[in-house]
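Next come the chains, spelled out residue by residue.
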Amino acid sequence: MTTRPDRDGDEQLSLLGTAWEAAAQHWQDEVARQFDADHWTPLAQRSRAYLGALGTLLDVLETAERETEF
Amino acid sequence: MIKVHADLHALKGFHEALVRFRYAQRDVAERGRDEIEVTRASLAAKASRWQARLEQCQAELDACRAGDGEEAADCSAYARAVELTSERLEHVRRWQQRVDLEAAEFGGPASAYLDLLEVDLPRAESQLLAIIASLEAARRVPAGET
């Protein structure tokens with residue numbers, strides 16, 4: 001059985017978050033703070049927003065299929 | 001040279017995770033688009049099926065009403081069939097409109113996210129690679145020469 005793409009995306013984001021935490025644990029200088037502000041935080045926020053919107057849309061698609069089965 | 005204090009192994013792991021994430025999210029976006037098209041095609045097929053059914057029911061009702069018997073025939077069952085079929089067709093069409101609307105609203109954020117994956121993320125990966133290279137270079141310099 002295939003999983004929904006938004007759920008796969010959430011899982012990938014979670015894995016990436018774990019890798020970031022491992023890196024950030026020993027990387028706490030100015031370069032790290034800059035990378036966090038310029039790249040990591042926007043990436044994580046926009047990924048969450050996109051996956052949330054995709055999840056909402058997929059819910060609508062599933063409902064559309066279900067509601068039109070007579 | 002940038003001074004970086006970090007765990008080289010963890011940074012490389014994060015870089016690899018970023019690259020994997022970019023490919024995985026591209027796949028997620030592609031599958032999302034596929035789901036929209038599959039649902040649109042499915043709803044279009046249902047609408048087409050109910051349209052054909054409606055035409056058939058309408059023809060049966062017309063035939064009943066045009067019946068050549070001397071007494072007026074009871075065509076109420078045919079009329080109910082037309083009404084029910086018409087309601088179902090309208091229901092499917094409303095869902096088609098809703099799906100089109102939701103897909104259009106999703107299009108903007110989806111396109112912006114693809115830009116992030118295609119432009120911003122590779123830039124972040126390149127910067128991280130430069131940081132890793134800088135760190136490796138610093139570690140090759142013997143102590144006392146920095």
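Details of the structure are given in the entry above.
Residues numbered from 1 in each chain as written. Chains lettered and ligands numbered in written order. Predicted model: local features only at pLDDT ≥ 70, side-chain atom pairs only at ≥ 80, totals over all residues. Heavy atoms only, no water.

Visitor: What exactly am I supposed to notice about the nonpolar core here?
Guide: The nonpolar side chains of soluble globular proteins are, as a tendency, buried together. Ranked by size, the top nonpolar core spans 47 residues in total, and within it W27(A), F35(A), Y50(A), L11(B) and F14(B) carry the most contacts. Of all the elements in the fold, those that place two or more residues in this core are α1 (5-25) and α2 (30-67) of chain A together with α1 (8-65) and α2 (76-140) of chain B. The next biggest cluster of nonpolar side chains, apart from the first, holds 10 residues, and it includes W50(B), C57(B), C64(B) and C75(B). (Core = buried A, V, L, I, M, F, W, Y, C linked by side-chain atoms within 4.5 Å. Buried < 20%, exposed > 50% of the residue type's maximum accessible area, 1.4 Å probe, protein only. Helix = DSSP H or I, 4+ residues; strand = E, 2+ residues; numbered from the N terminus.)

Visitor: What's the story with the packing of aromatic side chains in this structure? I'm lost.
Guide: Aromatic ring pairs are reported here in terms of the distance separating the ring centres and the angle at which the planes meet. What the rule picks out here adds up to 10 aromatic pairs over all chains. For the pair W20(A) and F35(A), a centre-to-centre distance of 6.0 Å together with 25 degrees between the ring planes defines the contact as stacked. Highlighted residues: W20(A) in helix α1 and F35(A) in helix α2, separated in sequence by 15 residues. For the pair F35(A) and F14(B), a centre-to-centre distance of 6.1 Å together with 80 degrees between the ring planes defines the contact as edge-to-face. (Phe/Tyr/Trp six-rings, centres within 6.5 Å; stacked < 30°, edge-to-face > 60°.)

Visitor: Looking at this structure, I do not really get the interface of chain B and chain A. What am I missing?
Guide: Buried accessible area, meaning the area lost when the parts come together, often serves as the stated size of an interface. Taken together, the 47 residues of chain B in the interface contact 38 residues of chain A. Buried surface at the junction of chain B and chain A, summed over both partners, amounts to about 3,700 Å²; 74% is from carbon and sulfur atoms. Remark: the boundary between chain B and chain A carries four salt bridges. Residue D120(B) pairs with R46(A) through a salt bridge whose shortest N-O separation is 3.6 Å. At the surface where chain B touches chain A, the tally comes to 10 residue pairs in polar contact (both at pLDDT 80 or more). Going through the elements one at a time, α1 and α2 of chain B are the ones with two or more residues in the side of chain B that touches chain A. Per-class residue counts for the side of chain B that touches chain A are 30 nonpolar, eight polar and nine charged. (Contact = heavy atoms within 4.5 Å. Buried area = accessible area lost by both parts, 1.4 Å probe. Salt bridge = Lys/Arg side-chain N within 4 Å of Asp/Glu carboxyl O. Polar contact = N/O pair within 3.5 Å; in protein donor to acceptor, adjacent residues only side chain to side chain. Nonpolar A, V, L, I, M, F, W, Y, C, P; charged D, E, K, R; others polar.)

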